[in-house]
Amino acid sequence: RLLADSLDISRGLVYLDNAHSRNADRKKVILEKSYSHLTKILKEVGTMEKLELEIDRRIDELNKHRQDKGEKPCNECTRTYAMLQEVTKAACRHICGDLTLVHTEPRSDICDESVTSFYKAGLKSEIIEEHQIVPYNPLSLCDYHPILIEGKACKDSRDPADVAKIIHLQLQRHFAKSSPIKKPKLIIIQGDQWEEKGKGIAAISRLLADSL
């Protein structure tokens, strides 16, 4: 939801059955396809069998590891949702010609026994390629152009809106004269406490973050 809102794009839904469809989140959903509809398409183009074999091979490997640890085999839900995940990707690529896959954590943190880990089966069965995967890397300071604002805190009696407008104009002039900034801008604050009266640098930096 948050990504759809921040990127200002709609969402599509792929569902397993009526119960799965009934409980699905449909905010901003403009297109729906059933799992059975997508599997039919993949069977017609000869992709489905290859994908199923690779997923079953991976499940066999996981079950062997689990057996070695004295644990029970993967439950049926693992295969069900792994198939849903990889069939969705395969069908999207076939129908649309391309796709982008993004994970919500670094690859090193993805549990080998999770459904997410079955993207490896997708890679091996060639339904997706490495260049189509956007790695999740937590942002660091080097990803930004920092802007530091220094000045009085609560002792500043001026209207912060007036000060922010002046600084905003000065920054815009500065950026226009300097080399183009390719990185996103980031206002750096230094622990300035927010005052209820909304004065000083804490208020000014908030206004600048909104205006920039």
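Anything mentioned here points back to the structure above.
Here the structure is a predicted model, which means the values were calculated and not measured.

Following both chains from N to C, one finds helix 4 (residues 48–68) and helix 5 (residues 76–96) inclined at 140°, their axes separated by 11 Å at the closest point. Considered as vectors, helix 4 and helix 5 are oriented oblique to each other. As for the relative orientation of helix 4 and helix 5, their crossing is right-handed in sense. Contacts between helix 4 and helix 5 involve Met 48, Leu 51, Glu 52, Ile 55, Asp 56 and Ile 59 on the former and, on the latter, Arg 79, Ala 82, Met 83, Glu 86, Val 87 and Ala 90. In the contact of helix 4 with helix 5, the residues fall into eight nonpolar, no polar and four charged.

Take the nonpolar core next. Counting 24 residues, the largest nonpolar core has Ile 55 and Val 87 as its most contacted members. At the level of secondary structure, the elements contributing two or more residues to this core comprise helix 3 (35–45), helix 4, helix 5 and helix 6 (119–124). Among the elements that make up this core, the one with the highest residue count is helix 5 (six residues). Ignoring any residue separated from it by four or fewer positions in sequence, one finds Ile 55 in contact with Ala 82, Met 83, Glu 86, Phe 118 and Ala 121.

Quick look at the layout of surface pockets now. Rolled over the atoms, a probe as big as a water molecule pinpoints where empty space is left. There is about 1300 Å³ of room inside the largest pocket. Gly 12, Thr 88, Cys 92, Thr 100 and Leu 101 are, among the 31 residues lining the largest pocket, the residues nearest its centre. Residue contributions to the lining of the largest pocket peak at eight residues, all from helix 5. Residue composition of the lining of the largest pocket, by class: 19 nonpolar, seven polar and five charged.

For the rest of this paragraph, the subject is the packing of aromatic side chains. A ring pair, where both rings are aromatic, is described by two values, the distance of the centres and the angle of the planes. Applying the stated criterion across every chain, the model contains zero aromatic pairs. Across the ring face of Phe 175, the terminal group of Lys 185 is positioned such that the distance to the ring centre comes to 4.9 Å. Of note, Arg 206 hangs over the ring of Trp 194, and the distance from its end group to the ring centre comes to 3.7 Å.

The next subject is the packing of helix 3 against helix 5. Running from N to C, helix 3 and helix 5 point in directions that differ by 60°, and their axes come no closer than 9 Å. With respect to each other, helix 3 and helix 5 are oriented oblique. Considering the relative orientation of helix 3 and helix 5, their crossing is left-handed. Across the interface between the two elements, Tyr 35, Leu 38, Thr 39, Ile 41, Leu 42 and Val 45 from helix 3 touch Met 83, Leu 84, Val 87, Thr 88, Ala 90, Ala 91, His 94 and Ile 95 from helix 5. A breakdown of the residues in the contact of helix 3 with helix 5 according to their chemical character gives eleven nonpolar, three polar and no charged.

For helix 5, built from 21 residues, the straight-helix expectation of 30 Å at 1.5 Å per residue is met to within 8% by its first-to-last C-alpha distance of 30 Å. When helix 5 is considered as a whole, its buried residues turn out to be Thr 78, Ala 82, Met 83, Leu 84, Glu 86, Val 87, Thr 88, Lys 89, Ala 90 and Ala 91. Among the structural elements, strand 1 (11–15), helix 2 (18–22), helix 3, helix 4, strand 3 (101–102) and helix 6 are those in contact with the buried residues of helix 5. Looking one or two residues past helix 5, Gly 97 carries a phi angle of roughly 95°, positive in sign.

With that settled, consider a nonpolar patch on the surface. On the surface, a cluster of nonpolar side chains totalling about 320 Å² of accessible area is made up of Leu 3, Leu 7 and Ile 9. The residue Leu 7 is located in helix 1 (residues 2–7) in this model.

Examined against the element boundaries, Ser 117 turns out to sit in the loop between strand 3 and helix 6. In this structure the side chain of Ser 117 is engaged in a polar contact, spanning 3.1 Å, whose partner is the side chain of Arg 58. With residues up to four places along the chain from it excluded, the contact list for Ser 117 reads Arg 58, Ile 110, Cys 111 and Asp 112.

This part takes up the environment of Ala 90. Within the secondary structure layout, Ala 90 lies in helix 5. Assessed through its relative accessible area of 6%, Ala 90 is described here as buried. Placed 41 residues apart in sequence, Ala 90 and His 131 show a C-alpha to C-alpha distance of 15 Å. Not counting chain neighbours up to four residues away, the residues in contact with Ala 90 comprise Leu 42, Leu 51 and Ile 127.

Calculation notes
Residues numbered from 1 in each chain as written. Predicted model: local features only at pLDDT ≥ 70, side-chain atom pairs only at ≥ 80, totals over all residues. Heavy atoms only, no water. Axes fitted to C-alpha atoms, helices over the stretch in contact; angles between N-to-C directions. Helix = DSSP H or I, 4+ residues; strand = E, 2+ residues; numbered from the N terminus. Parallel < 35°, antiparallel > 145°, perpendicular 65-115°, else oblique. Left-handed = near helix turned anticlockwise from the far one by under 90°. Contact = heavy atoms within 4.5 Å. Nonpolar A, V, L, I, M, F, W, Y, C, P; charged D, E, K, R; others polar. Core = buried A, V, L, I, M, F, W, Y, C linked by side-chain atoms within 4.5 Å. Buried < 20%, exposed > 50% of the residue type's maximum accessible area, 1.4 Å probe, protein only. 1 Å grid on protein atoms, 1.4 Å probe; cavity = no way out; pocket = protein on both sides within 12 Å on 5 of 7 lines; lining within 4 Å. Points joined across faces, edges and corners; volume = space filled by probe spheres on them. Phe/Tyr/Trp six-rings, centres within 6.5 Å; stacked < 30°, edge-to-face > 60°. Lys NZ or Arg CZ within 6 Å of the ring centre and 35° of its normal. Expected span 1.5 Å × (residues − 1). Patch = residues over 30% accessible without salt bridge, like charges linked within 9 Å, V, L, I, M, F, W, Y side chains within 5 Å. Areas by Shrake-Rupley, 256 points an atom, 1.4 Å probe, with all protein chains shown as cover. Salt bridge = Lys/Arg side-chain N within 4 Å of Asp/Glu carboxyl O. Polar contact = N/O pair within 3.5 Å; in protein donor to acceptor, adjacent residues only side chain to side chain.

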